[in-house]
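Below, each chain spelled out in residue letters.
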Amino acid sequence: MKAGDFLKQARGHMQDRAKTYDKPGGERSMPNAVAAFKAVTGVDMTPEQGWLFMAILKAVRAQQGEFKADNYEDGAAYFALAGEQAFEDQCGPKPQEFVDQYDKLEELTGQTRY
């Protein structure tokens, strides 16, 4: 497998999750997960840190036992989700004009953002 193959698979997994959990913008459960984690443990974690935690978990699993592409595919997806969260947290929501242009590009190319 080449690097692009892992990224393609990661994107596919993200698209599948969006369908499975019926969320137009993709499955984004981390804010709820970190809130529940805090309620149970008292440890406060941001959603970005939650995604990063999952990426690290996959990196650790990749070092144990036999090769499993899933660890690398999921790790890439989690790291991308951490980046998305960091962007939203640090740069604010995307202006609607940008979103509209991006949606039009998706329509023309047949490519989705997830």
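Owing to the predicted nature of the structure, the values given are computational and were not obtained by experimental measurement.

Ala-10, Met-14, Met-30, Val-34, Met-45, Trp-51, Ala-77, Leu-81 and Ala-82 form the largest nonpolar core, which has nine residues in total. Elements with a minimum of two residues in this core: helix H1 (3–20), helix H2 (30–41) and helix H4 (69–91). When residues of this core are assigned to their parent elements, the largest contribution, three residues, is made by H4.

Looking at the element boundaries, Ala-55 is found in helix H3 (residues 47–62). When the C-alpha positions of Ala-55 and Tyr-72 are compared, they lie 9.0 Å apart, and in sequence the two are 17 residues distant. Apart from the residues within four sequence positions on either side, Ala-55 is in contact with Gly-75, Tyr-78 and Phe-79.

Attention now moves to the pattern of salt bridges. Counting across every chain of the model gives four salt bridges. The salt bridge involving Lys-38 is made with Asp-44; its shortest N-O contact spans 3.8 Å. Classification of Lys-38 by relative accessible area gives partly exposed; the value is 39%. Exposure remark for Asp-44: the relative accessible area of 57% places this residue in the exposed category. Of the charged contacts in the structure, one is a salt bridge between Lys-58 and Asp-70, with a shortest N-O distance of 2.9 Å. Of this pair, Lys-58 sits in helix H3 while Asp-70 is found in helix H4, placing the two residues 12 residues apart along the sequence. Lys-58 sits in the buried class, given a relative accessible area of 7%. Linked by salt bridges that have partners in common, Lys-58, Asp-70 and Asp-74 make up one network.

Before going further, it helps to spend a moment on the layout of surface pockets. Roughly 260 Å³ of internal volume is contained in the second largest pocket. Of all elements in the fold, only H1, H3 and H4 reach the threshold of two or more residues within the lining of the second largest pocket. It is H4 that contributes the most residues to the lining of the second largest pocket, four residues altogether.

Turning next to H1. Its 18 residues give H1 an end-to-end C-alpha distance of 26 Å, which sits within 8% of 26 Å, the value for a rise of 1.5 Å per residue. Taken together, the buried positions of H1 are Phe-6, Ala-10, His-13, Met-14 and Ala-18. Down the axis of H1, the smallest arc covering the buried residues is 140 degrees, so these residues share one side. Opposite the packed face of H1, turned more than 90 degrees from it, sit the exposed residues Lys-8 and Lys-19. Contacts from the buried residues of H1 go to H4.

Moving on to the environment of Met-14. Structurally, the position occupied by Met-14 is in helix H1. The exposure class assigned to Met-14 is buried, which follows from its relative accessible area of 17%. Once the C-alpha coordinates of Met-14 and Gly-26 are considered, the two residues, 12 residues apart in sequence, prove to be 7.0 Å apart. Look past the residues within four positions of Met-14 in its chain and what remains in contact with it is Arg-28, Ala-77 and Leu-81.

Criteria and cut-off values
Residues numbered from 1 in each chain as written. Predicted model: local features only at pLDDT ≥ 70, side-chain atom pairs only at ≥ 80, totals over all residues. Heavy atoms only, no water. Core = buried A, V, L, I, M, F, W, Y, C linked by side-chain atoms within 4.5 Å. Buried < 20%, exposed > 50% of the residue type's maximum accessible area, 1.4 Å probe, protein only. Helix = DSSP H or I, 4+ residues; strand = E, 2+ residues; numbered from the N terminus. Contact = heavy atoms within 4.5 Å. Salt bridge = Lys/Arg side-chain N within 4 Å of Asp/Glu carboxyl O. 1 Å grid on protein atoms, 1.4 Å probe; cavity = no way out; pocket = protein on both sides within 12 Å on 5 of 7 lines; lining within 4 Å. Points joined across faces, edges and corners; volume = space filled by probe spheres on them. Expected span 1.5 Å × (residues − 1). Arc of directions from axis to C-beta.

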